[in-house]
Amino acid sequence: MNTPDAVDRLLGRMTLDEKIGQLNLLAAGEGIATGIAGDNTLTRRLDTGRIGAIFGTKSLASARSMQERALAGSRLKIPLFFAEDVIHGHRTVFPLPIALACSWNMALIEETAAFAAAEAAAEGLHQVYAPMIDIARDPRWGRVAESPGEDPYLASRVAVAMTRGFQGAQISAPGRVAACLKHFVAYGATASGRDYDNASLAWEDLLGTYLPPFAAGVRAGAASVMAAFNAVNKLPMHCNEPLIEGWLRSRTGFEGLVVSDYTGVRELIDHGMGPAPVAVARALHAGIDMDMVGEDYLAELPALAARGIDAPDCAVSFSAGEIVALIDRACRRVLRFKADLGLLDDPFRGLTGRPAAPSPAAGRKLARKAAAAAAVLLKNNGVLPLRRNAQVALIGPLGADRANLLGTWSVSGRAEDVVPLDQAIAALTGHMPATAFGSNIVEEQWLVARTNVHGVTVEPDERPEAEMLAEAVALARASEVVIVAVGEAKEQAGESSSRLSPDLPAPQRRLVAALAETGTPLVIVVFAGRPLAMGHIPNQADALMFAWHNGIAGPEGVADLLFGVDEPSGRLAATLPAAPGEVPLSYAEEPTGRPFPGHFAKFRTGWLDLADDLQRFPFGFGLGYAPVRYGPPRLSATKARLGESVRLTVEITNEGDRPAVETPQLYLSDPVARTTRPGRFLVDFQQVSLAPGETRAIEFVIDAEMARYPVAPSLETAEWVWDPGLVRVHVGPNSRDTQMLELTWQA
Ligand code: NOJ
């Protein structure tokens, strides 16, 4: 039943209550077990046909019994669909999304999403609440962990790769699920990095930075979207008609389903959008088709459909007929979504356990490859790669950790599946490194570093810090090289986990400083959920690798890199600040008038108290073991008209004796425009493998469309404009170390 007509016929047979029931989206909670006649909100809703979908089911058997019960309770036998937060893998947990983005490897990202889809589908899931494609430029915000980073172009590519990976050609195909682009929109722009806060930004920023990943996801065919908790420019997203019905549906042509976030409709009341009936009318009118958990649609819509609503205090007025039409609109979208999933033809589609989940061994292999691709080598003075027979000490709170390395939003992952770094090194080298973990030095108030095999936090080491430091220092002195495993606890990043100071927790900074005093070479590996300000760490390290919370095979992927089984190839998807007070931060920040060259140089835009020896690691940055040289770039023409394209060619050479994976990046800047523009912005990149000594000519095609930018006195009057004149073209290995050419667009 895939035609709109069939859906309309079904809709025509439904009562108002049945339609409202379809808009209700509930959490499974403990679920229901086969054959047990439980009595709770969920079962009452199932028995009376007042539920459209369930998320968070924990087993195939439980989902199947919920479907049976829903069909028994539904006069027209309308099935449920099942959803889950599958953010970076399902049972097989891959590196965090921010880490995967650092691979800049779209085929790999697509493969991880496809694997997650196959695992999720085998457990009866039809929709995943991913990809999360919020641009994040403030590392204080804990949800940076789930995001593809700071750049709209890279995030758009990730949105496409993940949507394709989840959905394949058809969401009803075996092993595929519907993607849900979230959180619509500008959740990453919330004030001061505080979670759930509101965002106020120029429409140009919204259009040019925060919306493009959603446009890309829609173009890739994403079947659903989730609204964000925040307001954008004074209007909460759960009642933001101009952005949902206006931009998302009218401008991008999105025809799928829009779900609320968890109690997002009810939260409109606290946003000051009116009491429950008004909030519900506003949400439905804005285009929120399903109400997650709050049940406010269920409670309020019957009366609204009977009487309409008139609330002059917030200028909201809908007749009963208008509300009925809005209910029909939302219900039609829910039914179409179910039809597209194949559920109206076969309510047990996906609930039979066939096809079976892909093999866990294949998942671990992919997770290991992804972890190696996601880690970013920031410094190497030659100490890496390590010899397998080197006398290595492993020191630091994350050296034997399992649970923290899963990272946030790994709802179906198991800590016991993580092979910790000490064991990964032992497996690779044939001997266990000498260790000193100092289990309570993640941070005084975060005593969660060391976990047992079940992921349960064990008692922290109660010894005084001085004693643990002395142990670590003695071990370092007796070793040839030290691997220092530091970072954040899982709970320090993720939802509702903003940090005031996004840097390495103080006790770990003290540990690194003490180890640096020993003179033994330090290889520092950071396992974290956000871009951390590195402070003095790079100066103390002989090698520094930012490995993120990287999933069940994360430490194995890192061990592969440290011992040269694999080549480091990750590139930062977000700038690492020098100091925490620098945030929010992006390579694309706009130029200002100062420092004015010469005379006014003392009027700096930076910070008086930022030490000169601290450095940012820019967006796009990352090292390999082999040096790669960029030759002089050339343009096929220095002038071009709208509609024409220009080729940029640059030769890159692997000057080392190891293979290299290089990611040449192409940026533009627009020195004269109608509005201020980003200092530079990414428009394309490639990823190439180079054998030792190999030279390769890289070609980029530049066209005028890449230089379009939004001008938006208001959302409704927004235009993407193109101007003739000069653009600067920058090519290089990261957003900072580029070579520049000039190109003129002719009118
Ligand atoms: C709230 C989160 O914001 C969202 O990302 C998630 O999908 C829902 N809860 C459901 O778990």
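The present account deals with the structure reproduced in this document.

1. Overview of the overall build of the chain
(1) Moving on: Broken down by element type, the chain carries 21 helices and 31 strands.
(2) Moving on: For the chain, the C-alpha radius of gyration of 27 Å lies close to 27 Å, the compact-globule estimate for 747 residues.
(3) Moving on: Principal-axis analysis of the C-alpha atoms gives the chain an extent of 75 × 65 × 45 Å.
(4) Moving on: A burial count over the chain gives 60% of its 747 residues as buried.
(5) Moving on: Sequence separation of 24 or more characterises 77% of the internal contacts of the chain that already satisfy a separation of 6 or more.
(6) Moving on: Within the chain, the 86 negative side-chain charges are centred at a point lying 3 Å from the centre of the 69 positive side-chain charges.

2. Details of the environment of E644
(1) Moving on: Relative to the elements of secondary structure, E644 occurs in the loop between strand 21 (639-641) and strand 22 (645-654).
(2) Moving on: In sequence terms E644 and P692 are 48 residues apart; their C-alpha atoms lie 37 Å from each other.
(3) Moving on: Apart from residues no more than four positions distant in its own chain, E644 is found in contact with I702, D703, A704 and W745.
(4) Moving on: Here R641 takes part through its backbone nitrogen, which lies 2.8 Å from a polar atom of the side chain of E644.

3. Brief notes about the environment of A339
(1) Moving on: By the secondary structure assignment, A339 is in helix 14 (residues 320-340).
(2) Moving on: Owing to a relative accessible area of 1%, A339 belongs among the buried residues under this scheme.
(3) Moving on: Distance in space between the C-alpha atoms of A339 and A216 is 24 Å, their sequence separation being 123 residues.

4. A word on the pairing of strand 1 (residues 24-27)
(1) Moving on: Judged from the 2 bridges that link them, strand 1 and strand 10 (residues 291-292) form a sheet pairing that is parallel. By the bridge assignment for strand 10, N24 is matched with D291.
(2) Moving on: Of the pairings in the sheet, the one linking strand 1 to strand 2 (residues 53-55) comprises 3 bridges and is parallel in character. Of the residues in strand 2, the one forming a bridge with L25 is A53.

5. Regarding the site of the ligand
(1) Moving on: The local shell around the ligand consists of F55, D85, Y129, R143, K182, H183, M226, F229, D261, Y262, W409 and E495.
(2) Moving on: For the ligand, an oxygen atom lies 2.5 Å from a polar atom in the side chain of D261.

6. Observations regarding the pattern of salt bridges
(1) Moving on: All chains considered together, the criterion is met by 42 salt bridges.
(2) Moving on: Residue D47 pairs with R69 through a salt bridge whose shortest N-O separation is 2.9 Å. Of this pair, D47 sits in helix 3 (residues 41-47) while R69 sits in helix 4 (residues 60-73), and the two are 22 residues apart along the sequence.
(3) Moving on: On the basis of relative accessible area, R69 is assigned to the buried category, the value being 16%.
(4) Moving on: Among the salt bridges present, the one from K58 reaches E84, with a minimum N-O distance of 3.3 Å. Of the two residues, K58 sits in the loop between strand 2 and helix 4 while E84 sits in strand 3 (residues 81-84), which places them 26 residues apart along the sequence.
(5) Moving on: Put simply, E245, R249, D289, R329 and R333 are held in one network by salt bridges that share partners.

How each quantity is defined
- Residues numbered from 1 in each chain as written.
- Predicted model: local features only at pLDDT ≥ 70, side-chain atom pairs only at ≥ 80, totals over all residues.
- Heavy atoms only, no water.
- Helix = DSSP H or I, 4+ residues; strand = E, 2+ residues; numbered from the N terminus.
- Rg over C-alpha atoms; globule rule 2.2 N^0.38 Å.
- Buried < 20%, exposed > 50% of the residue type's maximum accessible area, 1.4 Å probe, protein only.
- Contact = heavy atoms within 4.5 Å.
- Lys, Arg positive; Asp, Glu negative; His and termini not counted.
- Charge placed at Lys NZ, Arg CZ, Asp CG, Glu CD.
- Polar contact = N/O pair within 3.5 Å; in protein donor to acceptor, adjacent residues only side chain to side chain.
- Pairing = 2+ DSSP bridges.
- Near = heavy atom within 4 Å.
- Salt bridge = Lys/Arg side-chain N within 4 Å of Asp/Glu carboxyl O.

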